[in-house]
Number of protein chains: 2
Amino acid sequence: MKPRSRRGGGRPTIADVARKAGVSAITVSRALREPERVSKELRRQIQHAVGELGYMPDPNARALASARADVFGVLVPSLTNNVFAEVVRGIYDSLSDGPFRIQLGDTHYSGLEEERLLHLFLSQRPAALIVSGIDQTAAARRLLVTAGCPVVQIMETGPDPIDMLVGFSHFDGGRVATQHMINTGYRRVGFLGARMDPRSQRRLAGYRAAAEGAGLFDPRLVTTTPVPSSVSLGRELFREALAKVPTLDAVFCNNDDIALGVLFECHRASIDVPGKIGITGFNDLDMMHVAYPSVTSIRTPRYEIGRNAVAMALEEIDGNRPETRVIDLGFELIPRESTAR
Amino acid sequence: MKPRSRRGGGRPTIADVARKAGVSAITVSRALREPERVSKELRRQIQHAVGELGYMPDPNARALASARADVFGVLVPSLTNNVFAEVVRGIYDSLSDGPFRIQLGDTHYSGLEEERLLHLFLSQRPAALIVSGIDQTAAARRLLVTAGCPVVQIMETGPDPIDMLVGFSHFDGGRVATQHMINTGYRRVGFLGARMDPRSQRRLAGYRAAAEGAGLFDPRLVTTTPVPSSVSLGRELFREALAKVPTLDAVFCNNDDIALGVLFECHRASIDVPGKIGITGFNDLDMMHVAYPSVTSIRTPRYEIGRNAVAMALEEIDGNRPETRVIDLGFELIPRESTAR
DNA sequence: CAATTCAATGGTAGCGCTACCATAAATCTG
DNA sequence: CAGATTTATGGTAGCGCTACCATTGAATTG
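Residues numbered from 1 in each chain as written. Chains lettered and ligands numbered in written order. Predicted model: local features only at pLDDT ≥ 70, side-chain atom pairs only at ≥ 80, totals over all residues. Heavy atoms only, no water.

## Overview of the sheet that holds strand β6 (residues 189–193) of chain B
Paired through their backbone hydrogen bonds, the strands of a sheet run either parallel or antiparallel. Residues and elements named next belong to chain B. Strand order in the open sheet formed by four strands is β7-β6-β8-β9, with parallel pairing between adjacent strands. Edge positions in the sheet fall to β7 (222–224) and β9 (278–280), since each of these pairs with one other strand and no more. Between one strand axis and the next, the sheet turns through 15 degrees on average, direction left out of account. As paired elements, strand β8 (residues 250–253) and β9 share three bridges and run parallel to each other. Looking at the pairing, Val 251 lines up with Ile 279 of β9. The strands that helix α8 (residues 170–184) touches are β6, β8 and β9; relative to β8, the one it contacts most, it runs at about 165 degrees. (Pairing = 2+ DSSP bridges. Helix = DSSP H or I, 4+ residues; strand = E, 2+ residues; numbered from the N terminus. Axes fitted to C-alpha atoms, helices over the stretch in contact; angles between N-to-C directions. Contact = heavy atoms within 4.5 Å.)

## Things to note about the protein's contact with DNA strand C
Around DNA strand C there are 28 residues in total, and A:Thr27, B:Ile14, B:Ser29, B:Tyr55 and B:Arg62 lie nearest to it. Backbone sugar and phosphate groups make up 73% of those atoms of DNA strand C lying within 4 Å of the protein. A:Arg30 has a polar side-chain atom sitting 2.9 Å from a base nitrogen of DNA strand C. For DNA strand C, a phosphate oxygen lies 3.1 Å from a polar atom in the side chain of B:Arg33. Elements with a contribution of two residues or more to the surface near DNA strand C: α2 (25–33) and α4 (59–66) of chain A together with α2 (25–33) and α4 (59–66) of chain B. Split into classes, the residues belonging to the surface near DNA strand C amount to 13 nonpolar, six polar and nine charged. (Near = heavy atom within 4 Å. Polar contact = N/O pair within 3.5 Å; in protein donor to acceptor, adjacent residues only side chain to side chain. Nonpolar A, V, L, I, M, F, W, Y, C, P; charged D, E, K, R; others polar.)

## Some words on unusual backbone geometry
The peptide bond linking A:Tyr292 to A:Pro293 adopts the cis configuration, its omega dihedral lying at -10 degrees. Relative to the elements of secondary structure, A:Pro293 occurs in the loop between α12 (287–290) and β10 (297–299). At the junction of B:Val273 and B:Pro274, the peptide bond is cis and its omega measures out at 10 degrees in the coordinates. For B:Pro274, the location among the structural elements is in the loop between α11 (256–268) and β9. A positive phi angle is found at A:Arg125, which is not glycine, with a value near 55 degrees. Locating A:Arg125 in the fold gives a position in the loop between α6 (111–122) and β3 (128–132). Phi is positive for B:Ser270, which is not a glycine, with a value near 55 degrees.

## Structural notes on the packing of aromatic side chains
Residue and element names in this part refer to chain A. One pass over the full model with this rule turns up 15 aromatic pairs over all chains. When the ring of Phe 168 is compared with that of Phe 331, the centres are 6.4 Å apart and the planes differ by 65 degrees; the resulting orientation is edge-to-face. One end of the pair, Phe 168, is in strand β5 (residues 164–168); the other, Phe 331, is in the loop between β11 (326–328) and β12 (332–334), with 163 residues separating them in the sequence. Assessed through its relative accessible area of 2%, Phe 168 is described here as buried. For the pair Phe 191 and Tyr 207, a centre-to-centre distance of 5.4 Å together with 50 degrees between the ring planes defines the contact as tilted. (Phe/Tyr/Trp six-rings, centres within 6.5 Å; stacked < 30°, edge-to-face > 60°. Buried < 20%, exposed > 50% of the residue type's maximum accessible area, 1.4 Å probe, protein only.)

## Remarks on the pattern of salt bridges
Applying the stated criterion across every chain, the model contains 46 salt bridges over all chains. As a salt-bridge pair, B:Glu52 and B:Lys20 come within 3.9 Å of each other at their nearest N and O atoms. Of this pair, B:Glu52 sits in helix α3 (residues 40–53) while B:Lys20 is found in helix α1 (residues 14–21), placing the two residues 32 residues apart along the sequence. The exposure class of B:Lys20 is partly exposed, given its relative accessible area of 45%. Among the ionic pairs, B:Asp284 bridges to B:Arg336, the shortest N-O distance being 3.0 Å. Pair noted here: B:Asp284 is in the loop between β9 and α12 (287–290) and B:Arg336 is in the segment after β12 (332–334), with a separation of 52 residues, a long-range link. Summarising the burial analysis for this pair, B:Asp284 and B:Arg336 share the class buried. Taken together, the shared-partner salt bridges connect A:Asp135, A:Glu156, A:Asp197, A:Arg199 and A:Arg202 into one network. (Salt bridge = Lys/Arg side-chain N within 4 Å of Asp/Glu carboxyl O.)

So this is what it looks like as structure tokens:
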């Protein structure tokens, strides 16, 4: 009985390919990983044997032998959030033709869960790690510093990256959105925020800076909740805000879902948008330009963040340490009907 | 020089734990995987040594030695589609406290890409495979039949599962949605469809069955496109449909994004909903009940599909082959203002 | 043309873990 | 209480691959 049949299950191994091609196993290994280091002739024979046998390298054996798995670990706070879905799509698109697999983890906005997943991912010795935000716990930060692989933090900019950083300024986004409404003539501009994760906090800070700069800040204008964001929550928050401050004449929303909830509530209550209430969202999902009235929003480079993060990590893996460690992809205010009065 | 320092990097191995606990490596291995097979005393010592050293098992070595990786392979046609995001969330939630990792693949609605990813996943010897839909290519089906692990197809029901199947009937969903509008009195009920993947095709077939049953079918009422779905596309399709059939008095939309686009376009063009046009969506996203007017939709058990798929696979992994191989989770028509005339 | 470098290939020894089998001690059986 | 069975542990031999070093012959050099 062949020893190989004992376990696993008789799949062709590198030794089978080597035998068939009349070379040694290590040459097959090289032909697969660094083709240019093997003569043309052998390369051809080996390719042929691979095709004939339907050989596929075992990633587990490879990872064990080389102490390095061809895996990108990706940690996002939410899988269902549209924003991260776009980022993840950017990552997948950038990695789909290379040798890398993706290990995706959902931290549920929890620092502890992030640490747990980091431990899990690190035990695989990933090729690179992409993590969301810059507010890792001290323990998580320590893990990342000693990860032994490129680490890219995404979604934000900031002064002190663990390794590399791609994103934009949420503070500035909040500030610009708010300033836009102030410039348009709104005077009682509220802030509506769900979840209130660190990035939402910074948007709120930007809102506050703009409001204070215009002498228009009033804490009662701020309505937030730790509850996860949704369109229906947008409606609730707006009702609450209006009950608190009946003179409210505009809202900067945490994100587009909230903004949409506000828009629907205005329809339902026959509140004129933008006449009576101005609305600005955040992220500029496709639906914002279709909505009636169309909704002003901050367009954020989500897909591009994913692509840039991968590109930077790949550069570093290839040995070309990227010069710039922090990339600010910026954002864009898209004024629309909901603030056009 | 310690041989271990040659590669990898001096992380504690099972041998280190064994030495520290004064037992053999195999006993540590057992204590970790099947604690009840090791005496209480040794278990305690080993746990202590593990904690002390911060030992984490190497999943690659484990997978190589046991010819089985603790990985669930999950194949979905789109990462950004809200529907699949919910399914994936169900899968993650069900798996987050166990030993299993998740390998997520995006087929982009392509059978060829599905085959490629299947090869990739299979080379890891996953513990289970979850794939979307029942329209695999012949080659993909062959791969799945011989996968050597539980396979769960999700999203649909059907007569001939590869192994196990969890979902609901898209045909019936389309039929019920259409019948509802016919019952409500709409006579020129159109179908608006984006992407037109196999599930959309079956919803269309259900629509057609209901329309023909009432003697109301007219091919000109059907407007579809292979373009991916979006809210803005909903607007385009609706305009197109209306131009084709000015007497159109209702639309069954492929999904809620399309329905939302229709709703906005009706607002913009001052078309009364539900008076002039009735709208029914599909999936019942949160926003549908918040919209004004609120939108009738078919509520689909997306999250539950994910959870059930994992539960079935885990049962089979544990050696309890599930009796029922096909689970129909059904759906629910949620009538709302958009069809209430 | 001997000495040196280089390019192409091979041999060996693990990577960290678990399947399989062996062993020893404890428990059960009639 | 001898023999059979069970329970708890250990030893050995890989899993399939690659890092490291060795070898060979050809190309290059002064």
